[in-house]
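Observations on chain architecture
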Amino acid sequence: MKQKNIKNKNIVIFTIIGFLVLTLIPNVLMFSGLEKKSKFSRNILYPEINIKAPARTISKIKSYYLDNYGLKNTFINTYINFKKNTLHEDPIPYRVVEGDEQWFFLGNFNNKVLDNSFGMNKYSDIDLHQMKQNILDLKTYLKSIGVDFYCVVVPDKSTIYRDKLPYKLTDRKTPLSQFLSIIKPKDSLNMVDLRQTLAKAKDSTILYHKTDTHWNHTGAYLAYLDVIKHLKKTDRQIEAIPLNRLKKREDSIHGDIIRMLNTNAKEKMTRYEKSESSLVENIETNDASIHFINSKKELKLLMYRDSYSNYWLDYFNESFNETVYYRYNSGAIKKRDLIKAQTDVFILEVGERHFDILLKNLKLIN
């Protein structure tokens, strides 16, 4: 009996020791740097401890741990390789879907983007009219201070290239189509729908990166031309810069979608950028905004934007005397910022997959 108790006690001790070792190993690897990191891992420094903001400090430490815990890359790569190379399945279909001809798309993890591409989600009339009212309020206020308003929705890649998805579904009204259907001409909301322009061009040239969520420079430029066409209806002096006046440069991109799969696949791309003869100058860049001037032009543009307009900057800068780009983190827009900007044109640019979130939360604050 005594020997049995000793044996049980030893089992408990070894179990506890084993548990502690298994718990400590990932942390040792994380802080020692012994584990070989993937070249796709984000390089994040350990967050500073701020005793005046304990909640924020704890949140940053948690985020750091989730991104860097030991053996993370080993486990993820083993899982991805087994699913892709052995089972021949999408490793993380909720986040990434591989389509035809090596086109990669976001899965439903990101605001149900795939379901929305086929109109699988229906908005309530209350939500639709709230979004419309929020835009009307913004447009009305901007008009009261002499500013022209435009809302530009950038189509998702899965909207323009649905034919490259690995499955077909019955078409229904997408959330964007549902919203646009309640906009009447008398509302004068200046909604710029880029879907038709891009859908017409996609058979003759590639408009989006195959391995990234965003459009390429060709798609961005064609969309820019469409937006300028709408702007010229009220401001005839606005001109688009011809493509042959931009600098063409061959490059490659490590797409944001392919990075989710820890794959070192780079996609060739052609950039169209500001030329050496351009008079555009960057006069300020900070966390909130980017500010440019161009002495050749007259009007000023203020754009609230997301990452889709990164490729737009060199184009719109050539069409305006002054351009200011704000990255929005929420739907709040400050009246004092609009007054201070003294702009002529205001563009609200938003990607299709996030437009409903932004517009439902869009609000003017003092």
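Right above here is the structure, for reference.
Residues numbered from 1 in each chain as written. Predicted model: local features only at pLDDT ≥ 70, side-chain atom pairs only at ≥ 80, totals over all residues. Heavy atoms only, no water.

Here the focus is the overall build of the protein chain. In terms of regular secondary structure, the protein chain is built from 13 helices and 13 strands. Taken across its 366 residues, the protein chain has 45% of its residues classed as buried. A separation of at least 24 residues holds for 68% of the contacts in the protein chain among residues at least 6 apart in sequence. When the accessible surface of the protein chain is totalled, it reaches about 20900 Å², and 54% of it is carbon and sulfur. (Helix = DSSP H or I, 4+ residues; strand = E, 2+ residues; numbered from the N terminus. Buried < 20%, exposed > 50% of the residue type's maximum accessible area, 1.4 Å probe, protein only. Contact = heavy atoms within 4.5 Å. Areas by Shrake-Rupley, 256 points an atom, 1.4 Å probe, with all protein chains shown as cover.)

In the structure shown here, the tally under the stated rule is 4 cavities of 30 Å³ or more. A volume near 70 Å³ is recorded for the largest cavity. Along the walls of the largest cavity sit F104, F105, L106, V113, D156, K157, S158, T213, I257, Y308 and R353, which together make up its complete lining. Of all the secondary structure elements, the ones that give two or more residues to the lining of the largest cavity are strand 2 (104-106) and helix 6 (157-160). Tallying contributions element by element places strand 2 first for the lining of the largest cavity, with 3 residues. Here the lining of the largest cavity is composed, by residue class, of 6 nonpolar, 2 polar and 3 charged. One number sums up the size of the second largest cavity: a volume of about 50 Å³. As for the second largest cavity, its lining consists of V113, N116, Y123, D156, P175, L176, E352, R353, F355 and D356. Mapped onto the lining of the second largest cavity, the elements with two or more residues apiece are helix 4 (113-117), helix 7 (175-180) and helix 13 (355-361). In terms of residue class, the lining of the second largest cavity is made up of 5 nonpolar, 1 polar and 4 charged. (1 Å grid on protein atoms, 1.4 Å probe; cavity = no way out; pocket = protein on both sides within 12 Å on 5 of 7 lines; lining within 4 Å. Points joined across faces, edges and corners; volume = space filled by probe spheres on them. Nonpolar A, V, L, I, M, F, W, Y, C, P; charged D, E, K, R; others polar.)

Another point: helix 5 (residues 125-144). For helix 5, which comprises 20 residues, the first-to-last C-alpha distance of 28 Å matches the rise-based estimate of 28 Å (1.5 Å per residue) to within 8%. The set of residues buried in helix 5 consists of L128, M131, K132, N134, I135, L136, L138, K139, Y141 and L142. Once helix 5 ends, the next one or two residues include G146, with phi positive near 80 degrees. (Expected span 1.5 Å × (residues − 1).)

Okay, the pairing of strand 12 (residues 345-351) next. Two faces, one strand: in a regular strand the side chains alternate between the faces of the sheet. Among the 7 residues that make up strand 12, 7 are buried, leaving the element largely enclosed by the rest of the structure. Here strand 3 (residues 148-154) runs beside strand 12; their pairing, made up of 7 bridges, is parallel. Its bridge partner lying in strand 12, Y150 is registered against I347. Here strand 9 (residues 300-305) pairs with strand 12 via 4 bridges, running parallel. In the sheet register, M303 faces strand 12, and the bridge partner there is I347. (Pairing = 2+ DSSP bridges.)

Here we take up helix 9 (residues 217-231). Compared with the 21 Å implied by 1.5 Å per residue over 15 residues, the 21 Å span of helix 9 between its first and last C-alpha is a close match. The buried fraction of helix 9 is high, at 11 of 15 residues. Considered for burial, the residues of helix 9 that qualify are H217, G219, A220, Y221, A223, Y224, D226, V227, I228, H230 and L231. Contacts made by the buried residues of helix 9 are with strand 3, strand 4 (191-193), helix 8 (195-201), strand 6 (267-273), helix 11 (313-316) and strand 12. The N-cap of helix 9, judged by a side-chain oxygen 3.1 Å from the amide nitrogen of T218 a few residues on, is N216. (Polar contact = N/O pair within 3.5 Å; in protein donor to acceptor, adjacent residues only side chain to side chain.)

Attention now goes to the side chain of N216. Within the secondary structure, N216 is located in the loop between helix 8 and helix 9. Take N216: its relative accessible area is 11%, and that puts it in the buried class. Excluding residues that lie within four positions of it along the chain, N216 makes contacts with I206, L207, Y208, H209 and Y311.

It is worth spelling out the pattern of salt bridges at this point. Tallying each qualifying case throughout the model produces 13 salt bridges. Across the pair D251 and R249 runs a salt bridge whose closest N-O atoms are separated by 3.5 Å. For D251, a relative accessible area of 27% gives the class partly exposed. A cluster of three or more residues bridged by salt bridges with shared partners is formed by R249, D251, R271 and E273. (Salt bridge = Lys/Arg side-chain N within 4 Å of Asp/Glu carboxyl O.)

A contiguous patch of positive charge, built from K122, K173, K184 and K186, is present on the exposed surface. Within the secondary structure layout, K184 lies in the loop between helix 7 and strand 4. In this structure K184 comes out as partly exposed when scored by relative accessible area, which is 42%. (Patch = residues over 30% accessible without salt bridge, like charges linked within 9 Å, V, L, I, M, F, W, Y side chains within 5 Å. Lys, Arg positive; Asp, Glu negative; His and termini not counted. Charge placed at Lys NZ, Arg CZ, Asp CG, Glu CD.)

The topology assignment puts F179 in helix 7. The class for F179 is buried, based on a relative accessible area of 0%. On a C-alpha basis, the gap between F179 and M131 in space is 8.1 Å, while along the polypeptide they are 48 residues apart. Excluding residues within four positions of it along the chain, F179 makes contact with L128, M131, K132, I135, M191, F355 and L359.

A few words on the sheet that holds strand 12. Here we have 7 strands laid out as an open sheet, ordered 4-3-12-9-10-8-7, and mixed in their pairing. Where the open sheet ends on each side, the last strands, each with one partner, are strand 4 and strand 7 (280-285). Looking at each pair of strands side by side, their axes are set apart by 20 degrees on average, direction ignored. Contacts between helix 5 and the sheet are confined to strand 3, strand 4 and strand 12, with strand 3 contributing the most and set at about 145 degrees to the helix. (Axes fitted to C-alpha atoms, helices over the stretch in contact; angles between N-to-C directions.)

It is worth stressing that arrangement in space is one thing and function is another; only the former is reported here.
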